[in-house]
Amino acid sequence: MVRAIVGANWGDEGKGKITDMLAEQADIIVRFQGGANAGHTIINDYGKFALHTLPSGVFYGHTTSIIGNGVALDVPVLFKEVQSIIDQGVPMPKILVSDRAQMVMSYHKNFDAYEEERLGGKSFGSTKSGIAPFYSDKYAKIGFQVSELFDDELLKEKVVRVAEQKNVLLEHLYHKPLINPDDLYNELQEYKKMIEPFVCDTSLFLNNAIKEGKEVLLEGQLGSLKDPDHGIYPMVTSSSTLAGYGAIGAGIPPYEIKKIVTVCKAYSSAVGAGAFVSEIFGDEADELRRRGGDGGEFGATTGRPRRMGWFDCVASKYGCRMQGTTDVAFTVLDVLGYLDEIPVCVGYEIDGEVTTDFPVTHLLEKAKPVLKTLPGWKEDIRGIRKYEDLPENCRNYIEFIEKEVGYPFTMISNGPGRDDIILNDTEDVLTQICRQYMKWGQCPRFMNTEKIIERQEYVDAIAKEYKADGLIYQQIKFCDYWGYERASAFHVMKEKYGYPVLSIDRPYAVGTSGQLRTRIQAFVESLEIKRINAGRKL
């Protein structure tokens, strides 16, 4: 199954943590767009990391990390990042780079800085990572694709042609030093040496993996409001930030993306210029910034202080809709525990009228927030693992926002660590069951009926613990069997439960728990059984 992890807002929502967590059950993680202009902060058993190009699943030895064709590939940054995680004790990750990805050149970064300098007070607040010039060249068809590194004749001709074109701007617009074609060729040769061992047809690799039932995560950068078409244009990034682009940027069919996890912060933050309706200022913003994130709200790439604001239901509802959200991961909820009252933006007032629909940019610039104040919970919620154990006012905050946004909140993050998460959905119970089945490993050649029922009772116990002993677990029971016990086991299970049985013949032969999970999900879908929420009714 293919699942996308994307942002609902301006970026910085906590996508790295969610990807890192879900990667435990994944086989492949793909970065499908953007470049090194934004980072994902991750805290796990190895330490704290700020990743800018590497997918956030690189910390697991069983995963393959792919740089997709949609990425703005900064080769030196990628390998500096690889070395940095190895230096902190992380094993060398398995990396594949798309032969169709294009490369950020040193002159792209120069042009980025030159243009910001030229614009002065009207600049876009660029990170000067070369992203806008890179994508400009990509669509002007003068970028350098990875595959071109292996055609020396083509490369020697192209560096001359590109240098001539760029030098016109350097000389007459920016008044900066010109590009030497020989230097450009040498730069590309250095990149070739670095990435040659990792280059392949990643689209074909993914196609085969999907056919084999592998679990694939698509990791997005930034969020819906930074999308060049659907965001706060022109204060946006230069590649699509939507899950729909995941199919293009990874090279897979759109229909393969089955789930879209959209990440929302429990408050708002943004880096760079652009409309930000729920923004707060002064001491109020400083306090939230100091307490926020995993050590303060500062950009993972630039270190710039982030702009702060209250949760924006209008922007988040729009962001989730544009992503095609199936699940929401609600992050950094623990940060708000110091507040007596918590304002939430529930509408925009524009020219005297209130709307809950997200407008185009020129109207957004006029918008004033309509706030509703909710009571705080004044309590540290880190360490809580069950939804019902959260303070009542905390649950009320979540449920109020969930109703306003209109999408199910299935993951609640209440701390910076990998394990600081409250899973709030039946599917996550299924994940636990699959993990346990794989731990059981090789079943005996002749498994007796009592052992089968013992395992089934484990499944029922988890279901009961998570209050998920409803539709799915009353209609589907799991059993393993081998040899002559097949008929006996099926008969006993059917007699005991009276429902369809999914046979898992030799779970150790299935592959990974992710593949087992995919198989069970396919069975669920074949019976047209709807998921139910675990822990509470939405």
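About the criteria used
Residues numbered from 1 in each chain as written. Predicted model: local features only at pLDDT ≥ 70, side-chain atom pairs only at ≥ 80, totals over all residues. Heavy atoms only, no water. Phe/Tyr/Trp six-rings, centres within 6.5 Å; stacked < 30°, edge-to-face > 60°. Buried < 20%, exposed > 50% of the residue type's maximum accessible area, 1.4 Å probe, protein only. Lys NZ or Arg CZ within 6 Å of the ring centre and 35° of its normal. Helix = DSSP H or I, 4+ residues; strand = E, 2+ residues; numbered from the N terminus. Pairing = 2+ DSSP bridges. Contact = heavy atoms within 4.5 Å. Axes fitted to C-alpha atoms, helices over the stretch in contact; angles between N-to-C directions. Left-handed = near helix turned anticlockwise from the far one by under 90°. Nonpolar A, V, L, I, M, F, W, Y, C, P; charged D, E, K, R; others polar.

Asker: Now, about the packing of aromatic side chains: what can you tell me, with residues and values included?
Answerer: Summed over the entire model, instances satisfying the criterion amount to 15 aromatic pairs. Between the aromatic rings of Phe134 and Tyr135, the centroid separation amounts to 4.8 Å while the plane-to-plane angle is 85°, which identifies the pairing as edge-to-face. For Phe134, a relative accessible area of 1% gives the class buried. Taking relative accessible area as the criterion, Tyr135 reaches 3% and is therefore assigned buried. Counting every residue linked through ring pairs, the aromatic cluster contains Phe311, Phe330, Trp377, Tyr397 and Phe409. Lys158 extends its terminal NZ or CZ atom over the ring of Phe144, reaching a point 5.1 Å from the ring centre.

Asker: Give me the lowdown on helix α1 (residues 15-22), citing residues and values where you can.
Answerer: Of all 8 residues making up α1, 8 are buried, and the element is well covered by its neighbours. Residues of α1 that are buried include every one of Lys15, Gly16, Lys17, Ile18, Thr19, Asp20, Met21 and Leu22, and no others.

Asker: Go over the sheet that holds strand β13 (residues 279-280), please, and point to the residues and values.
Answerer: Within the open sheet, the 3 strands sit side by side as β12-β14-β13. Their pairing is antiparallel. Two strands in the sheet have a free side with no partner beyond their single neighbour: β12 (268-270) and β13. Contacting β13 and β14 (307-309), helix α9 (residues 282-291) runs over the sheet at an angle of about 100° to β14.

Asker: So what's going on with the pairing of strand β1 (residues 2-7)? Residues and values would help.
Answerer: The element β1 is largely enclosed, with a buried count of 6 among its 6 residues. Alternating positions in β1 separate into two faces, Val2, Ala4 and Val6 on one and Arg3, Ile5 and Gly7 on the other, with burial throughout. Relative to strand β11 (residues 257-265), β1 runs parallel, the two being bridged by 6 bridges. Paired with Val2 across the two strands is Ile257, which belongs to β11. Bridge analysis of β1 against strand β10 (residues 216-219) gives 4 bridges, and the strand direction is parallel.

Asker: So what's going on with the pairing of strand β7 (residues 94-98)? Which residues, and what values?
Answerer: Of all 5 residues making up β7, 4 are buried, and the element is well covered by its neighbours. The sheet contact formed by strand β5 (residues 64-67) and β7 spans 4 bridges and is parallel. Residue Thr64 lies in a different strand from β7, and its bridge partner there is Lys94. Alignment of β7 against strand β9 (residues 199-200), held across 2 bridges, turns out to be parallel. Residue Ser98 lies in a different strand from β9, and its bridge partner there is Cys200.

Asker: Report on the environment of Ala270, specifying residues and quantitative values.
Answerer: Structurally, Ala270 is set in strand β12. Setting aside residues up to four positions removed in sequence, Ala270 forms contacts with Trp10, Asp12, Phe276, Arg306 and Arg307.

Asker: Explain the packing of helix α2 (residues 75-87) against helix α6 (residues 181-195) residue by residue, including any values.
Answerer: At a closest axis distance of 10 Å, the pairing of α2 and α6 adopts a crossing angle of 35°. Where α2 crosses over α6, the two elements pack in a sense that is left-handed. Side by side, α2 and α6 meet where Val75, Pro76 and Phe79 of the first sit next to Tyr191, Met194 and Ile195 of the second. For the contact of α2 with α6, the per-class residue count stands at 6 nonpolar, no polar and no charged.

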